[in-house]
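Here is how the chains run, residue by residue.
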Amino acid sequence: QDVASLLTAPLDNEEAAVEQRYFNCGTDRLYTYDEVAYMCAEAAGISRDDVQIEHYDPDIFGKANFPFRLTDFYVAPDTAKEKLGYKGAEKDLKDDLKWYYEGYVARG
């Protein structure tokens, strides 16, 4: 629903959409990669204690290349909010992961 509302936002301001052309479809809620991993595990019914997270170590593997980043990275919908009047994400990632995972499992 959040993505759909962003996709329809240009209809309310076509001039701004044409001028900007590209908009990030993110959320104002920032999560670390570890937090996302734990949320995915919870959605899949895996205990937090059973999650093993390995972080990229440039001392072992050398300078990171895409998609690995040595710095924090995020996308935010600030420009879409400013130029298109997009209200931002109304859903919570943790809740969405639950239904998304259930749908994934149901597809076999």
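In what follows, the structure referred to is the one given above.
Residues numbered from 1 in each chain as written. Predicted model: local features only at pLDDT ≥ 70, side-chain atom pairs only at ≥ 80, totals over all residues. Heavy atoms only, no water.

**Student:** I keep staring at the overall build of the protein and nothing clicks. Help me out?
**Tutor:** A tally of regular secondary structure across the protein gives 6 helices and 0 strands. Along the protein, helices (α) and strands (β) appear in the sequence α-α-α-α-α-α when read from the amino end. Split into buried and exposed, the 108 residues of the protein put 17% on the buried side. For the protein, contacts bridging at least 24 residues in sequence account for 69% of all contacts bridging at least 6. Taken as a whole, the protein presents about 8800 Å² of accessible surface, with 51% of it coming from carbon and sulfur. (Helix = DSSP H or I, 4+ residues; strand = E, 2+ residues; numbered from the N terminus. Buried < 20%, exposed > 50% of the residue type's maximum accessible area, 1.4 Å probe, protein only. Contact = heavy atoms within 4.5 Å. Areas by Shrake-Rupley, 256 points an atom, 1.4 Å probe, with all protein chains shown as cover.)

**Student:** What is the right way to read the packing of aromatic side chains from this model?
**Tutor:** How two aromatic rings sit relative to each other is given by the distance of their centres and the angle of their planes. Evaluated as defined, the whole model comprises 2 aromatic pairs. Seen from their ring centres, Trp99 and Tyr100 are 6.2 Å apart, and the 65° between their planes marks the pair as edge-to-face. Pairing Tyr101 with Tyr104 gives two aromatic rings, centres 6.3 Å apart and planes at 35°, and the pair type is tilted. Pair noted here: Tyr101 and Tyr104 are both in helix α6 (residues 93-106), with a separation of 3 residues, about one helical turn. According to the relative accessible area criterion, Tyr104 is exposed, its value standing at 51%. A cation sits over an aromatic face here: Arg48 above Tyr38, 3.7 Å from the ring centre. (Phe/Tyr/Trp six-rings, centres within 6.5 Å; stacked < 30°, edge-to-face > 60°. Lys NZ or Arg CZ within 6 Å of the ring centre and 35° of its normal.)

**Student:** For this particular structure, what's the right way to read the pattern of salt bridges?
**Tutor:** A side chain with one charge can pair with a side chain of the opposite charge if their charged atoms come near. Evaluation of the coordinates by the stated rule reveals 3 salt bridges. For Lys81, the salt bridge identified is with Asp28, shortest N-O distance 2.3 Å. Pair noted here: Lys81 is in helix α5 (residues 78-84) and Asp28 is in the loop between α2 (14-20) and α3 (33-43), with a separation of 53 residues, a long-range link. Here Glu102 makes a salt bridge to Lys98, at a shortest N to O gap of 3.1 Å. (Salt bridge = Lys/Arg side-chain N within 4 Å of Asp/Glu carboxyl O.)

**Student:** When you look at α3 in this model, what are you seeing that I'm missing?
**Tutor:** Three- or four-residue spacings in an α-helix give side chains the same orientation, since the helix completes a turn every 3.6 residues. Where α3 is concerned, the buried positions are Met39, Ala41 and Ala43. In this fold, the buried residues of α3 make contact with α6.

**Student:** Is there a simple way to explain the packing of α3 against α6 in this structure?
**Tutor:** Between two packed helices, the angle of one axis relative to the other and the distance separating the axes together describe the packing. Where α3 meets α6, the axes come as close as 9 Å, and the angle between the chain directions of the two elements is 40°. Considered as vectors, α3 and α6 are oriented oblique to each other. When the axes of α3 and α6 are compared, the crossing they make is right-handed. Contact residues: α3 offers Val36, Met39, Cys40, Glu42 and Ala43, while α6 offers Leu93, Lys94, Leu97, Lys98 and Tyr101. Its residues placed into classes, the contact of α3 with α6 shows 7 nonpolar, no polar and 3 charged. (Axes fitted to C-alpha atoms, helices over the stretch in contact; angles between N-to-C directions. Parallel < 35°, antiparallel > 145°, perpendicular 65-115°, else oblique. Left-handed = near helix turned anticlockwise from the far one by under 90°. Nonpolar A, V, L, I, M, F, W, Y, C, P; charged D, E, K, R; others polar.)

Everything listed here is a matter of coordinates, which is why it stays silent on function.
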